[in-house]
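One letter stands for each residue in the lines below.
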Amino acid sequence: MELKEAVAVVTGANRGLGRHLAAQLLERGAKVYAAARSPESVDLPGVVPLRLDVTDVDSIRDASRIASDATLLVNNAGVSTGTSLVAGSPDAVRLEMEVNFFGPLAVTRAFAPVIERNGGGAVLNVLSVLSWLHPAALGAYAASKAAAWAQTNAVRGELASRGIAVTALHVGYMDTDMAAGVPADQKADPAEVAAQALSGIETGQPEVLADPLTRSVKQALAGPPQEA
């Protein structure tokens, strides 16, 4: 997909990786709707702030009507509560599934007809190395990202005939607020991750593995199960 003159909707675009994706899309010549629950928190010059809460059906519907010229959807918004599956709060587990699985699905369902009407385009789903690596302490997040990976693969097959390509971005810890407690030498540069993701969209890659950890974990999937 050619990103020059594309029209992109980026969820969670007010900070972190989403902000980098929005900024680099602008640099590549795209029009960008920077979506966030609080659009007043979007401070990136040149974008169109857009109110969108991925857990609110009315908000999603309204956003798809406003961004009626969209040709690219970036499902970036997400949450990590650090919740385990057995001992953790059931409400926190549900929240992670609502934001990380049901949210991107709802947004994709709303924008797929828009993108199709505009001649086709692409969807990028921001996933994680924890789609495949499932530490007990982060069970809720890992489960939601594993489910989102399955969703991405199924949706890719469903949307192909409608002229919409679907790319999955997998990455480990990044230097963003979500990984603030992780030592700096273990974090990927979100600007570099964003660049890899956008190049993946342009070349039609089904998956972008953005760092060495992610590539090694994906490669190890063919081996026996490992202890968490």
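In the block above lies the structure referred to throughout.
Just so it is clear, the structure is predicted and the values come from calculations on it, not from any experiment.

Enquirer: For this particular structure, what's the right way to read the environment of Ala35?
Expert: One can find Ala35 in strand β2 (residues 31-36). On the basis of relative accessible area, Ala35 is assigned to the buried category, the value being 1%. Measuring from C-alpha to C-alpha, the distance between Ala35 and Gly12 comes to 5.9 Å, with 23 residues separating the pair along the chain.

Enquirer: Help me out: how do you make sense of the pattern of salt bridges in this one?
Expert: Any two side chains of opposite charge can pair, so long as their charged atoms come close to each other. Counted under the stated rule, the structure contains seven salt bridges. We note a salt bridge from Arg94 to Asp91, for which the minimum N-O separation is 3.7 Å. Highlighted residues: Arg94 and Asp91, both in helix α3 (residues 90-117), separated by three residues, approximately one helical turn. We note that Arg94, like Asp91, is exposed. Between Glu116 and Arg162 there is a salt bridge, with its nearest N and O atoms 2.9 Å apart. Here Glu116, found in helix α3, pairs with Arg162, found in the loop between α4 (139-159) and β6 (164-170); they are 46 residues apart in sequence, far enough to count as distant.

Enquirer: Please explain the side chain of Glu207 as it appears in this structure.
Expert: Secondary-structure assignment places Glu207 in strand β7 (residues 207-209). Among the polar contacts listed, one links the side chain of Glu207 to the side chain of His170, at a separation of 3.5 Å. Leaving out residues up to four positions away in the same chain, Glu207 has contacts with Trp132, Trp149, Ala168, His170 and Lys218.

Enquirer: How should unusual backbone geometry be read in this particular structure?
Expert: Excluding glycine, residues mostly carry a negative phi; peptide bonds, for their part, are mostly trans. Unusually for a residue other than glycine, Glu5 sits at a positive phi of about 70°. Following the sequence through the fold, Glu5 ends up in the segment before β1 (7-11).

Enquirer: What's the story with the packing of aromatic side chains in this structure? I'm lost.
Expert: Between two aromatic rings, the relevant description is the distance of the centres plus the angle of the planes. Per the stated rule, a full pass over the model turns up two aromatic pairs. Both rings, one in Phe101 and one in Phe102, keep their centres 4.9 Å apart while their planes meet at 85°; by these two values the pair is edge-to-face. Take Phe101: its relative accessible area is 16%, and that puts it in the buried class.

So, how was this worked out
Residues numbered from 1 in each chain as written. Predicted model: local features only at pLDDT ≥ 70, side-chain atom pairs only at ≥ 80, totals over all residues. Heavy atoms only, no water. Helix = DSSP H or I, 4+ residues; strand = E, 2+ residues; numbered from the N terminus. Buried < 20%, exposed > 50% of the residue type's maximum accessible area, 1.4 Å probe, protein only. Salt bridge = Lys/Arg side-chain N within 4 Å of Asp/Glu carboxyl O. Polar contact = N/O pair within 3.5 Å; in protein donor to acceptor, adjacent residues only side chain to side chain. Contact = heavy atoms within 4.5 Å. Phe/Tyr/Trp six-rings, centres within 6.5 Å; stacked < 30°, edge-to-face > 60°.

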